[in-house]
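Coordinate analysis (summary)
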Amino acid sequence: MADQSGEWIESGPDWNPDQPPIKFAGASIRWSTTHFDSVVIPLIVTTKQVFWDIRLSAFEITDHLLKIVVDLPSIHGMAMEVVSFSEMDSAPAGLADEVAEVLNAVGAQVLSESWSYEIEFREGDRSETFRGEIASGD
């Protein structure tokens, strides 16, 4: 193999699998100290990557529960629809269904036991939460 040493990044933060990430692509990640389980990292990464266009601000992980926080208003999709609680915009329920589809697709590949999700949409003093089960591969 040819020497390609100039093609590799030689410095950066150390990756430590024993230390959970507290932020990913601008979204904060809060881990329960009593129910820490890193198996949801692929769910976090995929959700953030697929829904790069929405204001996905936080993830919280507790005992077999993944909570996702979305700040509204957000822009989403090819049509660049505004998602908010306003009657003139798209309702959060449609976006919640799309996020649930991604969670189930990834969960079926990486989870060996049952997990739940909560997707909380926040706009000012108003919020709405959607709950469900994440498919597992068991």
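That block above? That's the structure.
Not measured: the values here are computed from a predicted model.

1. Topic: helix α2 (residues 92-110)
Across its 19 residues, α2 extends 27 Å between first and last C-alpha, which sits within 8% of the 27 Å expected from 1.5 Å per residue. Among the residues of α2, those classed as buried are Pro 92, Leu 95, Ala 96, Val 99, Ala 100, Val 102, Leu 103, Val 106 and Gly 107. Seen along its axis, α2 keeps its buried residues to an arc of 165 degrees; they face one direction. Residues of α2 that are exposed and point over 90 degrees away from its buried face: Asp 97, Glu 101 and Gln 109. Packed against the buried residues of α2 are α1 (41-50), β4 (65-71), β5 (74-76), β6 (81-83), β7 (115-123) and β8 (126-134).

2. A few points about the environment of Ile 68
Looking at the secondary structure, you find Ile 68 in strand β4. C-alpha of Ile 68 to C-alpha of Thr 129: the two residues are 61 residues apart in sequence and 9.5 Å apart in space. Among residues more than four places away in sequence, those in contact with Ile 68 are Thr 47, Leu 56, Ala 58, Phe 59, Val 99, Leu 103, Glu 118, Ile 119 and Glu 120.

3. Structural notes on the packing of aromatic side chains
Taken as a whole and judged by the stated rule, the model has one aromatic pair. Geometrically, the ring pair formed by Phe 121 and Phe 130 is edge-to-face, given 5.7 Å between the ring centres and 85 degrees between the ring planes. The pair formed by Phe 121 and Phe 130 is uniform in burial state, with each residue classed as buried.

4. What to know about the sheet that holds strand β3 (residues 55-62)
Pairing is mixed across the open sheet formed by six strands, whose spatial order is β1-β2-β3-β4-β7-β8. Strands at the two margins of the open sheet, each flanked by one partner only, are β1 (23-24) and β8. Summarising the sheet, β1 and strand β2 (residues 27-31) pair through two bridges and their orientation is antiparallel. For Lys 23, the partnering residue across the bridge sits in β2 and is Ser 28. Packed on one face of the sheet, α1 meets β1, β2, β3, β4 and β8 and runs near 170 degrees to β3.

5. Concerning the pairing of β8
Two strands pair when backbone bridges link them, and β7 and β8 are joined in this way by nine bridges, in the antiparallel orientation. Its bridge partner lying in β8, Glu 118 is registered against Arg 131.

6. Regarding the side chain of Ser 84
As for its placement among the helices and strands, Ser 84 is situated in the loop between β6 and α2. Of the residues examined, Ser 84 reaches a relative accessible area of 2% and is grouped as buried. Side chain to side chain, Ser 84 and Asp 89 meet in a polar contact 2.6 Å long. Once residues lying within four places of it in the same chain are set aside, the contact partners of Ser 84 are Leu 72, Pro 73, Asp 89, Ser 90, Ala 91, Pro 92 and Glu 123.

7. What to know about the pairing of β7
Every regular strand shows the same layout, with side chains that alternate between the two sheet faces. Among the nine residues in β7, seven count as buried, and that is most of the element. Of the pairings in the sheet, the one linking β4 to β7 comprises seven bridges and is parallel in character. Bridged to Val 70 within β7 is Phe 121. In sequence, β7 turns back onto β8 through a hairpin of two residues, with Gly 124 there showing a positive phi of about 60 degrees.

What counts and how
Residues numbered from 1 in each chain as written. Predicted model: local features only at pLDDT ≥ 70, side-chain atom pairs only at ≥ 80, totals over all residues. Heavy atoms only, no water. Helix = DSSP H or I, 4+ residues; strand = E, 2+ residues; numbered from the N terminus. Expected span 1.5 Å × (residues − 1). Buried < 20%, exposed > 50% of the residue type's maximum accessible area, 1.4 Å probe, protein only. Arc of directions from axis to C-beta. Contact = heavy atoms within 4.5 Å. Phe/Tyr/Trp six-rings, centres within 6.5 Å; stacked < 30°, edge-to-face > 60°. Pairing = 2+ DSSP bridges. Axes fitted to C-alpha atoms, helices over the stretch in contact; angles between N-to-C directions. Polar contact = N/O pair within 3.5 Å; in protein donor to acceptor, adjacent residues only side chain to side chain.

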